[in-house]
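# Structure assessment
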Amino acid sequence: TVSEGATRSQFLPGARARGAMEHHHRSKSKQVNKGFKDANKSSKRSLSRTNKGKVPAPVHNVKSAGSIGSSNASSQGRAARIHKAKQSRDEQRKALVAARRGCGGVAPAPRLTVLIGCTRSANLSSVKRMLLGKGAEEMDEALPLGPITAQIGQSQQRVTVIEGSRDLVALLDTLMVADIVAFVAQGEEDIDAKSMHLLHTSKLYGLPAATLVVVQGVDGMATSKRAQVLKNWEAGMAQATGREVKVVGQKPDDVSVATRFLANTKIPDRPSWQSHPMVLAESVQRAPDDAQAGGEEGEVLIGVTGYVRGSALNPNMLIHMPAQGSYQMSKITVHADPCPTGKSTSASSAMSKEEELLPDSPEELTMDNEVDDMDAEQTWPTEEELEGAKTSRMYKGANLPIDDEAPEHDPDEDDEEELDEEEEGDDDSDVSEPPDEVVLDEGSDDDAMTEAGGETMAGGEDFLDRRSRAKEDKDFPDEVDTPVDMPARVRFQKFRGLKSVRTSPWDPYENLPVDYQKISQFKNIMASRLRARAESKQGVQPGKYVTVWVRVPMAFADKVLEEAPSGDNSKYQPLVIGGLLKYENKMAMMHYNVSRVRDDGDVIKSKDTLVLICGMRRFEIRPNFSECKGTDKHRVLRYLPPKAATFASCYAPVQWAPAPVLIMKKQKSGVMTVVAAGRVAAPDANRITLKRLVLTALPYKIKKRKATVRFMFFNPTDIHWFKPVELWSKEGRRGHIKESLGTHGHMKCIFDAPILHSDTICMSLYKRVFPPYPEEPARQLRTLGEIKMDVRGVADGPVAGAV
């Protein structure tokens, strides 16, 4: 019988086959087709019914353009994106044209060109006259020393030409504000050693991208020989500077090429210097006697006049005088431009009245924070807490507590001994010894050094002895011997073991020194830097001709006035002053990413007294060198490695990145040598630098994975004390201490694989260390006369010369 609702066709032959053909299997290509879009649901009525009266929010983002209630949503979103991109391009183009043409009455600062002599007989005065456009009728006119500003031909550009000093630090100060560098050389001579050293150091510190080379003495040569000499100098200077250079002679055609290069060459951005306002002094004057009132005794009010370069100059900023210190500005006087361009002449002539800007909320001059001696106070522990502390001293896996026969030390005695070590320059002592015992380890004798730059060390260690110690540390890094006459648990009581340097926790706020109360710490370094940059955009804009009035000590004022640019002053030295951004006058734990410049055999050790040149400031530091790895804990290096990138950590004033860094060392003979160069990393007080000690032992008896080890400790109590610390071998084995054997320090150990008799068993211990705090944070250095250059290993041979 046929059931109800069934048709006869379902039971006909072939019906099962037709039904099987209607079943579809899942596709193996994983193709997903789009769903069907019903046109009836896209009408205005259906959309309003779906939205239920909701009104679309205002469009703040081009991606959300054309959302609810829009029939052509995709086309409106695309049109909005195109319109916004066009507006952004137009704004950038207008800003660029305004900066180049000086619209709005503020012309850009003249392009500063620094002349550097490469050979002994290079004549900078003739090149200075050539670039300023002084013709033959003005040859008898004597050009004054110092910066001179003139308009370049018929163009709207202006140029300021200044002769570079042979003093290294003065030259670096000038290159900070330079836009173009021009090298002057005699065609038939080679670069002398001192010039090569200046060029090499300037390249490390940062040279302007626009480079011009003026070759003298080739105009009278034959055409082929002249072309060959110019070609040789172009290849040599391109190799020395690392960028393309423009080489010209001194013919009339070359003069037009040079001036066109100064006017039309593109000046790339220099983020290291354009974030700070700087003024190259074109004149220095002393305020009249009636304006000197109001200052402290021994201070004089001086005015430094020049163009504002870089960023805006705010009267609330602190102004930094190189090699002298930071001061608060009394006022800023804005003058009319003494060398206006064609399009800014009307605006400059309209501003005949000078404008004065006074500070309303100046930055503080205090560098250190006040130390609260009561901040570390705590209540006396109760009897229960003392009893709990005694029981907690039992180590896991050890059957014995701390040996009662171990020498007990008074905490007050430890503090007094540590204070004495700090006064002697040893901030890295690991343990406080009894008065009748003197234990010297790698921490004590390595850190005992003289005040004269660390060239000689306590105990009569000379250069050869230091070099041998550096070689030994390279072959056996961080390895020390366990003292025989002192328990190891007392000698290394400030150290701890780590299961993994990468993953084991270490609290960055644990056992901080008192000096950490003096420094400034930033919760968000990036946000603080952006805030400082944003506040620096307000004030006198770049391109203005101003006079900055500052009160400085009388001795420094007399020296600056003596070296000021005036006529044929033979004692002229360039003066560059700059404004400091927010927080840049505060002390912090600064880190610098540096590398050795050359490996000439000199040994640079952690905590050696070095000279740091960072931006406008230069001061003495005693840094700790550490590894540069992507972990939260970094191992301290006893010596600056010759090739690897290294972090130098020290207490120093805040300097926001990016900024170049030079580290120099003063030798016994007074020679200043550049030992390292790099950049500013960040002011991070939570960066953990760990000093590592490696205790070694030798296997005595071996049975597969088990071994009897000796010479690491010399009593069973020390073995029980360090039993939780993991062991490792130089062949890559891992293990731990199982038990002590006998009374002479033998111990049974077990490893993850069989070890060899030639293997060495090691144990790593760690302790956090800090650099010494400077006694005078505001102390600055100034070069006295000509700095003696050390040219060893600077250049292997002449860079360029005549054929």
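Residue numbers restart at each chain and count upward from 1, following the sequence in its written direction. Given that the model is predicted, a residue must reach a pLDDT of at least 70 before its local features are reported, and side-chain atom pairs must reach 80 or more before they are shown or counted; all residues, however, enter totals for whole chains, interfaces and linings. Side-chain descriptors were evaluated using all non-hydrogen atoms of the structure, hydrogens and water having been removed beforehand.

### Brief notes about the overall build of the chain
Quick reminder of the rule: Runs of H or I in DSSP of at least four residues are treated as helices and runs of E of at least two as strands, each being numbered from the N terminus. Throughout this description, buried means an accessible area under 20% of the type-specific maximum (1.4 Å probe, protein chains only), exposed means over 50%, and partly exposed covers the range between. Each accessible area value is a Shrake-Rupley result obtained with a 1.4 Å probe; residue values ignore everything except the protein chains displayed when judging cover.
A count of helices and strands for the chain gives 18 helices and 29 strands. The burial tally for the chain puts 46% of its 803 residues in the buried class. With an accessible surface of roughly 43,600 Å², the chain has 50% of that area assigned to carbon and sulfur atoms.

### Things to note about the confidence of the model for the chain
Cut-off, in case you're wondering: Residue-level confidence of the predictor is what pLDDT reports, using numbers from 0 through 100. Should any heavy atoms of two residues lie within 4.5 Å, those residues are considered in contact.
Across the chain, the average pLDDT comes to 77, with 75% of residues at or above 70. pLDDT under 50 marks residues 1-20. Its contacts with residues more than four places away, or in other chains, come to six contacts. Counted against residues more than four places away or in other chains, residues 62-71, with its pLDDT under 50, gives 17 contacts.

### Some remarks on the pattern of salt bridges
Inclusion rule: Here a salt bridge means any side-chain nitrogen of Lys or Arg lying within 4 Å of a carboxyl oxygen belonging to Asp or Glu.
Counting across every chain of the model gives 27 salt bridges. The partner of R638 in a salt bridge is D478, with the nearest N and O atoms 2.3 Å apart. Taken together, the residues span a long stretch of sequence, with R638 in the loop between β20 (633-637) and β21 (646-653) and D478 in the loop between α14 (463-475) and β13 (479-480) at a distance of 160 residues. As far as burial versus exposure is concerned, R638 and D478 are alike and both buried. What emerges from the salt-bridge pattern is a single network uniting D473, D478, E627, K629, R635, R638 and R692.

### Side note on the packing of aromatic side chains
Quick reminder of the rule: Aromatic pairing here means that ring centres of Phe, Tyr or Trp (its six-membered ring) are within 6.5 Å. Orientation follows from the plane angle: under 30 degrees is stacked, over 60 is edge-to-face, and everything else is tilted.
Taken as a whole, this structure holds nine aromatic pairs when the rule is applied. Ring geometry for Y307 against Y545: centres 4.9 Å apart, planes inclined by 65°, an arrangement best described as edge-to-face. On the criterion of sequence distance, the pair formed by Y307 in strand β9 (residues 299-309) and Y545 in strand β14 (residues 545-553) is long-range, its members being 238 residues apart. Judged by its relative accessible area of 1%, Y307 falls in the buried class. Where Y583 meets W656, the ring centres are 6.5 Å apart and the plane angle is 75°; that geometry is what we call edge-to-face. Here Y583, found in the loop between β15 (576-580) and β16 (587-596), pairs with W656, found in the loop between β21 and β22 (660-666); they are 73 residues apart in sequence, far enough to count as distant. Judged by its relative accessible area of 24%, Y583 falls in the partly exposed class. Since its relative accessible area comes to 1%, W656 is described here as buried. Grouped by ring-pair contacts, the aromatic residues Y516, Y651, F770 and Y773 constitute a single cluster.

### Concerning helix α7 (residues 223-241)
Because the α-helix completes a turn every 3.6 residues, residues three or four places apart line up on one side. What counts is decided by this rule: Each helix should span, by expectation, one fewer than its residue count multiplied by 1.5 Å.
Taking 1.5 Å per residue as the helical rise, α7 with its 19 residues ought to reach 27 Å, and the 27 Å between its terminal C-alpha atoms agrees with that figure. The inward-facing, buried residues of α7 contact β4 (180-186), α6 (193-205), β5 (210-216), β6 (246-248) and α8 (252-264). Within two residues after α7, G242 carries a phi angle of roughly 80°, on the positive side.

### Examining the sheet that holds β5
Under the convention used in this document: A strand pair is defined by DSSP finding two or more bridges across the two strands. Angles here are taken between N-to-C directions and fall from 0 to 180 degrees, while the axes themselves are lines fitted to C-alpha atoms, restricted in helices to the stretch in contact.
If you walk across this open sheet you meet the six strands as β2-β3-β1-β4-β5-β6, and the pairing is mixed. Since the sheet does not close on itself, it has two edges, and those belong to β2 (148-151) and β6, each with one partner. Across the sheet, the axes of successive neighbouring strands diverge by a mean angle of 25°, strand direction being ignored. Note that strand β1 (residues 111-117) and strand β3 (residues 158-163) share five bridges and pair parallel.

### Observations concerning the nonpolar core
Under the convention used in this document: The set of buried Ala, Val, Leu, Ile, Met, Phe, Trp, Tyr and Cys residues whose side-chain atoms join them within 4.5 Å is what this entry labels a nonpolar core.
In terms of nonpolar packing, the biggest core is built from 48 residues, with F183 and M237 touching the most fellow members. With six residues, the single largest contributor to this core is helix α5 (residues 168-176). Contact partners of F183, with chain neighbours within four places excluded, come to I116, C118, L199, L207, T211, L212, V213, V214, M237 and T241. Counting residues in hydrophobic clusters, the runner-up holds 32 residues, among them V300, V334, V546 and W656.

### Quick word on helix α17 (residues 554-562)
This is how it is decided: Note that the arc is computed from the directions linking the helix axis to the C-beta atoms.
Every buried residue of α17 is accounted for by F556, A557 and V560. End-on view of α17: buried residues confined to an arc of 100°, all on one side of the axis. For α17, the secondary structure elements touched by its buried residues are β8 (283-286), β9, β10 (318-321) and β14.

### Quick look at unusual backbone geometry
Each neighbour pair has its own omega, and for A657 with P658 the value is 0°, a cis peptide bond. Among the structural elements, P658 can be located in the loop between β21 and β22. With a phi angle near 70°, K607 is a residue other than glycine that sits in the positive phi range. Tracing the backbone through its elements, the reader meets K607 in the loop between β16 and β17 (610-614).

### A word on the packing of α5 against α6
Note the cut-off: An angle below 35 degrees is read as roughly parallel, one above 145 as roughly antiparallel, one from 65 to 115 as roughly perpendicular, and any other as oblique. Crossing chirality is assigned from the near helix's rotation relative to the far helix, an anticlockwise turn below a right angle marking it left-handed and a clockwise turn marking it right-handed. Asp, Glu, Lys and Arg are counted as charged, while Ala, Val, Leu, Ile, Met, Phe, Trp, Tyr, Cys and Pro are counted as nonpolar; the rest, among them Gly, fall into the polar class.
Interhelical geometry of α5 versus α6 gives an angle of 40° and a closest axis separation of 11 Å. With respect to α6, the axis of α5 lies oblique. Considering how the two elements wind past one another, α5 and α6 form a crossing that is right-handed. The segment α5 lies against α6, with L168, L171, L172, L175 and M176 engaging L198, T201, S202 and Y205. Of the residues belonging to the contact of α5 with α6, the class tally is seven nonpolar, two polar and no charged.

### A look at the environment of T366
Secondary-structure assignment places T366 in the loop between β12 (355-357) and α11 (383-392). In this structure T366 comes out as partly exposed when scored by relative accessible area, which is 42%. Considered as a pair, T366 and M587 are 221 residues apart in the sequence and their alpha carbons are 9.3 Å apart. With near-sequence residues (within four places) excluded, T366 lies in contact with N585 and K586.

### Focus: the side chain of S520
Tracing the backbone shows S520 in the loop between α15 (488-491) and α16 (525-535). Among all residues touching S520, those that are not within four sequence positions of it are N369, K586, M587 and A588.

### Let's talk about a nonpolar patch on the surface
Note the following rule: Only residues whose relative accessible area exceeds 30% and that form no salt bridge enter a patch; like-charged residues are grouped when within 9 Å of one another, and nonpolar side chains (Val, Leu, Ile, Met, Phe, Trp, Tyr) when within 5 Å.
Nonpolar side chains collect at one region of the surface, where V484, L698, F711 and F714 lie side by side and expose about 380 Å² of accessible area between them. Secondary-structure assignment places F714 in the loop between β25 (706-710) and α18 (716-721). According to the relative accessible area criterion, F714 is partly exposed, its value standing at 32%.

### A look at the environment of Y509
The following threshold applies: Definition of a polar contact: a pair of N or O atoms within 3.5 Å, with one able to donate and the other able to accept a hydrogen when the atoms are protein atoms, and with sequence-neighbouring residues admitted only if both atoms are side-chain atoms.
Tracing the backbone through its elements, the reader meets Y509 in the loop between α15 and α16. Judged by relative accessible area, Y509 falls into the exposed class, the value being 52%. For the pair Y509 and A685, spaced 176 residues apart in sequence, the C-alpha to C-alpha distance is 9.5 Å. A polar side-chain atom of Y509 sits 3.3 Å from a polar atom in the side chain of N686.

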